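# Structural overview for review
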Amino acid sequence: MIWLASLTALLPFLAAFAGMLFGPSLTRVLRGVPGGGPGVLACAPVAVSLVLSAVVAFAVWRDPGERTGTLALVDTGSVPIRIGLQVDGLSAVVGLMVCCVAVAVQVYSVAYMKGDRRYSSYAAFISLFTSAMLLVVYAGDLLVLYAGWEVMGICSYFLIGHHWEERANSRAAVKAFLVTRLGDVGFLIGVIVLGVGAGTFEISGILARAGDLPSSTVTAAALLLLAGVAGKSAQFPLHTWLPDAMAGPTPISALIHAATMVAAGVYVVARLYGVFLLTPGARTVLAVIAVVSMVGAACAALAQDDLKRVLAYSTISQLAVMAAGLAVGAKTAAVFHLLTHGAFKALLFLAAGCVIVTAGSNLLAHYGGLWRAMPVTFWSMTVGLAALAGVPPFSGWFSKDSIIEAAQHSATHGGSLPEQGVSAHAAGWADYAPPPEIASPPKCAAASQVCEALVAKIQAPAAPLAAGEVTLPGGAAWLVYLGLLLTVVLTAAYAMRAWLMTFFGEQRGTYEPRDPSRFMSWTVAALAVPAAILGFFGLGAAELRPHLGASLLSVVLVVLGAGAAFLMWNRDPALDPARALGPVRPVFARAFFVDELYAVAIVRPVRALARYVVAFDRRGVDAAVIGTAHGARRLAGVLRVPQNGNPQTYLTGLLAGVVVIVAGVVIFL
């Protein structure tokens, strides 16, 4: 099993290595094959990885449990590093999802990137990106996970800036790299705090010993990890890089949004959920971040003119929905929404790519009336938008409804955990086996009562939480619940707006609409299947079954949001329904001016400091160095006077010296 997981992650890495070295030369050998050498090297290994990941997932489904394997053990002198993998229900299903999306993106890219002179490096970086995400998914050690985490960061930089000739693309790549690196600093410190505190970086070991750690250590580590999660998953306040990352090719957007990069943050919280359950403070912070991100991003999506930016803000919002589920204890529902989101978001981005290729523009104002001429794209994108909005019975409705139900339970029960499927210690498809009971830490025998009280308070282990135990402040639970309900309305509204402006009304362009090549349209049609039916696979788990009250409320809110958008559009199909936002539309369109705020509060002061440092370096440090050089040259000029190369001068000096010495001897002796 471990070797199968190893091969699943290794094959895309080997494909990336081979593509970098042999892709262009192999193209000459495989003339006539779609995509040429790079296409074969990109698609074939990832397809094999898909088969292997399916075998791994099937084996875990037939025989649930955790499998671990150590490939190498690095003795550091303190905390050892175990280079190994871990396969359980969570990693199996997420690994399968990653491979499915990666195959779809690689096949789609064969046609989408046709004629691109850097397709070989593009395909190789996608393979490396996929391998890094699979390493994160299957990692059994936090440092191994961190290695894959960072490789994804550098891959995103190269892929977002693939068309680096345009200044906007290179700036977007740099912005994504720097913002995510900012969060990764906290993430790395959190990994070190957890590993050193637990005495191991092994994930299962950390979860087993988390209850032994001081509560302050657990809280600090969880908050530091959340910094990295906010950066990778584009959550407030480190969310600003993701909309700008739409400058990259559309298939890259699909891969980043659906299966890698942004999904990694939510996955890490789910993977280390036993740690987060022990610290209500960190989960309260997660809840607040989730509410701000989901509502703010949904408002921003409602006013965007660029189709890809609409989907980008929807990704921020949907990831925040998953984070909200994790905050209220609905781990299984959050992971399920991660899977359904991977299906319908990959579908939406690739379908958007079909529209963009046909219309030659990203702007919604240039579309309209495409549903007859592009039937495959139309029906596929309809399925994706319905799943995004949470229309029953599409996949997004099942997963989002489960999170809303859990949030409702938490809010109405004072912040307590739901009854089922929320504990990190509950057995199940995406959960761990229960850790052993943790004994209380030993007391200091020679300490005074005051010392004992302080030690007990600081080093008190965080005990495992049972269902029904209060873990969130009631206000935070209600905030999450109301935020989710508002997000449902806003999501339905911007999904309906994008659907109507893209496919209905009069065509607002001079292009000839038609479905693109079969590689693109068939891939989109294939992704429509899981986006439509994946929700039914959760009915076997009690916590994922729809509940009448929450389901009816969710459907009413979807009808409310979508109906409002339709009524505004129906008044004049030639105009944008977002005009109803009135004076707040520019605020939403600029995402509440967070970028501008960062420019004033951070970018400009840093640039001013940089200019001061440059000036000081030029006028201070450089001036001192250059002045020393000038002084040495002037002194050398004086010393070189007698050294002019004239033998007569040298002989005259010699005779003068002899005369002086003789005179001195005669006079003083």
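Residues numbered from 1 in each chain as written. Predicted model: local features only at pLDDT ≥ 70, side-chain atom pairs only at ≥ 80, totals over all residues. Heavy atoms only, no water.

Another point: the overall build of the protein chain. Assigned secondary structure in the protein chain consists of 24 helices and two strands. Counting only residues that meet the buried cut, the protein chain has 53% of its 669 residues in that class. Relative to all contacts within the protein chain whose residues are 6 or more apart in sequence, the contacts with residues 24 or more apart total 80%. (Helix = DSSP H or I, 4+ residues; strand = E, 2+ residues; numbered from the N terminus. Buried < 20%, exposed > 50% of the residue type's maximum accessible area, 1.4 Å probe, protein only. Contact = heavy atoms within 4.5 Å.)

Right, let's talk about unusual backbone geometry for a bit. Note that the residue after F236, namely P237, is joined by a cis bond; omega there is 10°. Checked against the element boundaries, P237 lands in the loop between α8 (215-232) and α9 (241-244). A cis geometry characterises the amide bond from P392 onward to P393, with omega recorded as 5°. Structurally, P393 is set in the loop between α16 (375-389) and α17 (395-412). Of note, A234 is a non-glycine position whose phi angle comes to about 55°, a positive value. Tracing the backbone shows A234 in the loop between α8 and α9.

With that settled, consider a positive patch on the surface. Together, R167, R171, R607 and R611 give the surface a local cluster of positive charge. Residue assignment for the positive patch shows that the elements contributing at least two residues are α6 (167-198) and α23 (594-639). (Patch = residues over 30% accessible without salt bridge, like charges linked within 9 Å, V, L, I, M, F, W, Y side chains within 5 Å. Areas by Shrake-Rupley, 256 points an atom, 1.4 Å probe, with all protein chains shown as cover. Salt bridge = Lys/Arg side-chain N within 4 Å of Asp/Glu carboxyl O. Lys, Arg positive; Asp, Glu negative; His and termini not counted. Charge placed at Lys NZ, Arg CZ, Asp CG, Glu CD.)

What follows covers a nonpolar patch on the surface. On the surface, a nonpolar cluster with roughly 860 Å² of combined accessible area is contributed by L651, L654, L655, V658, V662, V666, I667 and F668. Locating L651 in the fold gives a position in helix α24 (residues 647-668). Residue class for L651 comes out partly exposed when judged on its relative accessible area of 48%.

Another point: the nonpolar core. V94, L194, W241, I256, Y367 and L484 are the most contacted members of the largest nonpolar core, which totals 201 residues. Take this core: its biggest share by element is 18 residues, from helix α15 (residues 331-359). Filtering out sequence-adjacent residues up to four positions away, V94 remains in contact with V137, Y267, L338 and L339. (Core = buried A, V, L, I, M, F, W, Y, C linked by side-chain atoms within 4.5 Å.)

The next point concerns the packing of aromatic side chains. Taken as a whole and assessed by the stated rule, the structure comprises 21 aromatic pairs. Here the aromatic rings of Y108 and Y112 are separated by 5.8 Å at their centres, their planes lie at 25°, and the arrangement is stacked. With Y108 and Y112 both in helix α3 (residues 89-112) and four residues apart, this pair spans about one turn of that helix. Linked through ring pairs, W371, F378, W379, W499, F503 and F504 together constitute an aromatic cluster. Positioned above the aromatic ring of F177, the side-chain terminus of R181 is 4.7 Å from the ring centre. (Phe/Tyr/Trp six-rings, centres within 6.5 Å; stacked < 30°, edge-to-face > 60°. Lys NZ or Arg CZ within 6 Å of the ring centre and 35° of its normal.)

The next subject is the packing of helix α19 (residues 474-503) against helix α21 (residues 548-571). In a packed pair of helices, the relevant descriptors are the angle between the two axes and the axis-to-axis distance. Relative to each other, α19 and α21 sit at 40°, their axes nearing to 8 Å. The way α19 lies across α21 gives a crossing that is right-handed. Together, Y481, L485, V488, V489, A492, A493, M496, R497 and L500 of α19 and L553, S554, L557, V558, G561, A562, A565, F566 and W569 of α21 make up the contact between the two elements. A breakdown of the residues in the contact of α19 with α21 according to their chemical character gives 15 nonpolar, two polar and one charged. (Axes fitted to C-alpha atoms, helices over the stretch in contact; angles between N-to-C directions. Left-handed = near helix turned anticlockwise from the far one by under 90°. Nonpolar A, V, L, I, M, F, W, Y, C, P; charged D, E, K, R; others polar.)

Where α3 meets helix α10 (residues 250-258), the closest approach of the two axes is 9 Å, and the angle between their N-to-C directions is 175°. Between α3 and α10, the angle is such that the two are roughly antiparallel. Counting all contacts with α3, which are made through M97, V101, A102, V105, Y108, S109 and Y112, the residues of α10 involved are T250, P251, A254, L255 and A258. Per-class residue counts for the contact of α3 with α10 are 10 nonpolar, two polar and no charged. (Parallel < 35°, antiparallel > 145°, perpendicular 65-115°, else oblique.)

Let us now look at α24. Taking 1.5 Å of rise per residue, 22 residues should cover 32 Å, and α24 covers 31 Å from first to last C-alpha, within 8% of that figure. For α24, the buried fraction is low: zero of the 22 residues fall into the buried class. (Expected span 1.5 Å × (residues − 1).)

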